[in-house]
Amino acid sequence: MSSGSPPQGRGRGEGEEEGASSSRPRFGRRRTDYPSSSRPRSADAVWPEHFVESVSIRAAEEAARFAGRLAAAPAVVAMFQVCSTWRAVSRSEFLWQVLCRRIWSCRRRSLPSWREEYIRLHRTAANFRAGRSAYFSLLSPPTDDLPCCRLALSDRHLAAGFLDGSVRLFNVPAGRLLATFRADPHRDRLGRFSQAISGIVLLDDRLAFASQDGDVHVAELSSPREAPRRALVGNLMVDGTMVDFTGNARWWVGLFAGAPGHSWRVWDAAMELLIFVGGGLMDSAAVVGWHMLTDIMKPVVGRARILEQGVVVGCSTSSMEVLDLDGVTGTILNQRELRHGGALVESFDAGDGRVMVVDSRGVATVKEVPALTEVSRFTTLRRSERQHGSPSLEGCMNWGYALVCISRGVHVWDAITGEYLYVFRQRIGMATAMAASDRYVAAWANDTGLHLWDFGAL
């Protein structure tokens, strides 16, 4: 569409009376006597920049809502084709900052401008949907047969926690080993596997990791050669076994089994002070929780994940629970019994306001938090695989995709629609730990070691 001004209307001709109607167009002529409020005008003349920004943001949000986040960019580009003024808005940093936040839930940029950040996010998501990635094998299985228990990813690092209480830190995407952190070796232990890593909180500047006996250690990433300090001392006899540990820069959250009515423990991460104890999510798993200290072959009994909205979702083999952290004390927002029970808790993960859980039949369900309303449902196992019992299925998810490792490899579904997309080309064997971010996927298999896929490298 041209950005120049349209021809001016003729108005009433000579000899026309004041009250004569001039709304009937003459044959072969274009009507030009529109009322002032509806007369076609140049977009350059009447659309201020902030209004164009608002319209572009609205168009992107509507496109993402109805056709997925990858549809937002084409919708915005179409708006920029209207005229030169609208095209100039494409240079607005405010516009791209808002789009990064609302379309991709991104609040911090890693590139010089928000426009470049949006392009990076869009390209990475397109690579993820198409299965385009760079693959790295980072670590072979240890000779001492100590498996990896937990994986955590950030924009720059990958952390792997092992059964012996050690955590290995790698930089990404190069995959170079930066440091190995170990828990306090002088601590008295109760049970052979009491120091096994139960969770990792990985931030840009520090790493916190917890063991099954309830200890929490902190390592500063700026000083990788320094030994980690013990920030919290666990008490197995009072609290039970810490079966999972999650958090962010504001909170640390431990999920415990062994002490009825004390499933959740929440600490202020900055002050390292306990602020909440309660909840009965793990009451039915108290005995199994104690057995985890001596028998690592026991099935996973519980998982917890913290979301950006300030809520934590926990899952046991029979139920789910949502805990609100924004108040002075924790509040249980929602509790839900799983419809069929038998949840494979190792296939529980959360991302961008949603959680995924896979049951013993291999059926995966994605739910919205905190209401726990169903978003999508899909089957991860073939009929023949379901008939042979429920295998161990390790899974994870990020903002848009659900990944489950089964005997045929790592398979990917669209978490919103439940559409099956593809399987990774690399066959790594049965994974026992997985993690995903918007750019990376990491997996550990006891037979083949540590693997990393980078969807932002291409």
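Preceding block: the structure.
Given the structure is predicted, the values throughout are model-derived calculations rather than measurements. (Residues numbered from 1 in each chain as written. Predicted model: local features only at pLDDT ≥ 70, side-chain atom pairs only at ≥ 80, totals over all residues. Heavy atoms only, no water.)

1. Details of the packing of aromatic side chains
Phase 1 of the analysis: For the coordinates displayed, the defined rule picks out 15 aromatic pairs.
Phase 2 of the analysis: A centroid spacing of 5.3 Å and a plane angle of 55 degrees characterise the contact between Trp96 and Tyr118, whose relative ring orientation is tilted. Here Trp96 is found in helix α5 (residues 93–104), whereas its partner Tyr118 is found in helix α6 (residues 114–130), with 22 residues between them in sequence. As far as burial versus exposure is concerned, Trp96 and Tyr118 are alike and both buried. (Phe/Tyr/Trp six-rings, centres within 6.5 Å; stacked < 30°, edge-to-face > 60°. Helix = DSSP H or I, 4+ residues; strand = E, 2+ residues; numbered from the N terminus. Buried < 20%, exposed > 50% of the residue type's maximum accessible area, 1.4 Å probe, protein only.)

2. Some thoughts on the side chain of Asn127
Phase 1 of the analysis: If you trace the backbone, Asn127 turns up in helix α6.
Phase 2 of the analysis: Setting aside residues up to four positions removed in sequence, Asn127 forms contacts with Arg132, Phe455 and Leu458. (Contact = heavy atoms within 4.5 Å.)

3. Here's the deal with the pairing of strand β8 (residues 216–220)
Phase 1 of the analysis: With 4 of 5 residues buried, β8 lies mostly within the body of the structure.
Phase 2 of the analysis: When strand β7 (residues 206–211) meets β8, the two strands line up antiparallel, connected through 5 bridges. Paired with Ala210 across the two strands is Val216, which belongs to β8.
Phase 3 of the analysis: In this structure, the hairpin formed by β7 and β8 is closed by a connection of 4 residues, where Gly214 is found at a positive phi of approximately 100 degrees.
Phase 4 of the analysis: Judged from the 3 bridges that link them, β8 and strand β9 (residues 229–232) form a sheet pairing that is antiparallel. Of the residues in β9, the one forming a bridge with Val216 is Leu232. (Pairing = 2+ DSSP bridges.)

4. Description of the sheet that holds strand β1 (residues 134–139)
Phase 1 of the analysis: What the 4 strands build is an open sheet, ordered β1-β28-β27-β26; its pairing is antiparallel. Strand pairing shows two members of the sheet lacking a second neighbour, β1 and β26 (431–436), which therefore form its edges. Each adjacent strand pair in this sheet contributes to an overall mean axis angle of 15 degrees, direction not counted.
Phase 2 of the analysis: With 5 bridges joining them, β26 and strand β27 (residues 440–445) adopt antiparallel strand pairing. Note on β27: the bridge partner recorded for Ala433 is Trp444. (Axes fitted to C-alpha atoms, helices over the stretch in contact; angles between N-to-C directions.)

5. Side note on the sheet that holds strand β3 (residues 157–162)
Phase 1 of the analysis: The strand order across the open sheet built from 4 strands is β2-β3-β4-β5, with neighbouring strands paired in antiparallel fashion. The strands lining the two open edges of the sheet, one partner per strand, are β2 (148–153) and β5 (177–182). For this sheet the average axis-to-axis angle between neighbouring strands, irrespective of direction, equals 15 degrees.
Phase 2 of the analysis: Note: β3 against strand β4 (residues 166–171), 5 bridges, orientation antiparallel. Note on β4: the bridge partner recorded for Gly161 is Val167.

6. Some remarks on the packing of α5 against α6
Phase 1 of the analysis: Packing of α5 against α6 leaves a shortest axis separation of 8 Å and a crossing angle of 30 degrees. The orientation of α5 with respect to α6, classified from their angle, is roughly parallel. The chirality of how α5 crosses α6 is left-handed. Along its contact with α5, which presents Glu93, Trp96, Gln97, Leu99, Cys100, Ile103 and Trp104, the element α6 presents Trp114, Arg115, Glu117, Tyr118, Leu121, His122 and Ala125.
Phase 2 of the analysis: Residue composition of the contact of α5 with α6, by class: 9 nonpolar, 2 polar and 3 charged. (Parallel < 35°, antiparallel > 145°, perpendicular 65-115°, else oblique. Left-handed = near helix turned anticlockwise from the far one by under 90°. Nonpolar A, V, L, I, M, F, W, Y, C, P; charged D, E, K, R; others polar.)

7. As for the side chain of His217
Phase 1 of the analysis: Following the sequence through the fold, His217 ends up in strand β8.
Phase 2 of the analysis: His217 gets classed as buried once you look at its relative accessible area, which sits at 2%.

8. Considerations on the environment of Cys100
Phase 1 of the analysis: Relative to the assigned elements, Cys100 resides in helix α5.
Phase 2 of the analysis: Between the C-alpha atom of Cys100 and that of Arg115, which follows or precedes it by 15 residues, the distance is 8.5 Å.
Phase 3 of the analysis: Setting aside anything within four residues of it in sequence, one finds Cys100 in contact with Ser105, Cys106, Trp114, Glu117, Tyr118 and Leu121.

9. Points about unusual backbone geometry
Phase 1 of the analysis: In this chain, Val172 is followed by Pro173 through a cis amide linkage whose omega measures 5 degrees.
Phase 2 of the analysis: Within the secondary structure, Pro173 is located in the loop between β4 and β5.
Phase 3 of the analysis: Following Val369, the chain continues into Pro370 via a peptide bond in cis, with omega recorded as 10 degrees.
Phase 4 of the analysis: Along the chain, the position of Pro370 falls in the loop between β20 (363–368) and β21 (373–379).
Phase 5 of the analysis: Of note, the phi angle at Asp352 is positive, near 55 degrees, even though the residue is not glycine.
Phase 6 of the analysis: Examined against the element boundaries, Asp352 turns out to sit in the loop between β18 (343–351) and β19 (354–359).
Phase 7 of the analysis: Look at Leu372: it is not a glycine, yet its phi comes out positive at around 60 degrees.

10. Topic: the state of the cysteines
Phase 1 of the analysis: Inspection of the entire model under this criterion finds 0 disulfides.
Phase 2 of the analysis: Distance from the sulfur of Cys106, which forms no disulfide, to the nearest cysteine sulfur (Cys100) is 5.3 Å.
Phase 3 of the analysis: Given the relative accessible area of 11%, Cys106 is considered buried. (Disulfide = S-S within 2.5 Å.)

11. Observations concerning the pattern of salt bridges
When their charged atoms lie close together, side chains carrying opposite charge are able to pair.
Phase 1 of the analysis: Under the criterion given, the structure shown has 19 salt bridges.
Phase 2 of the analysis: Two residues, Asp204 and Arg108, come together in a salt bridge whose shortest N-O distance is 2.8 Å. Pair noted here: Asp204 is in the loop between β6 (197–202) and β7 and Arg108 is in the loop between α5 and α6, with a separation of 96 residues, a long-range link.
Phase 3 of the analysis: Among the salt bridges present, the one from Arg377 reaches Glu374, with a minimum N-O distance of 2.9 Å.
Phase 4 of the analysis: Connected through shared salt-bridge partners, Arg150, Asp244, Arg305 and Asp349 make up one network. (Salt bridge = Lys/Arg side-chain N within 4 Å of Asp/Glu carboxyl O.)

12. So, the environment of Ser198
Phase 1 of the analysis: Note on placement: Ser198 falls in strand β6.
Phase 2 of the analysis: Here Ser198 falls in the buried class, since its relative accessible area comes to 1%.
Phase 3 of the analysis: Sequence separation between Ser198 and Thr246 is 48 residues; the distance between their C-alpha atoms is 9.1 Å.

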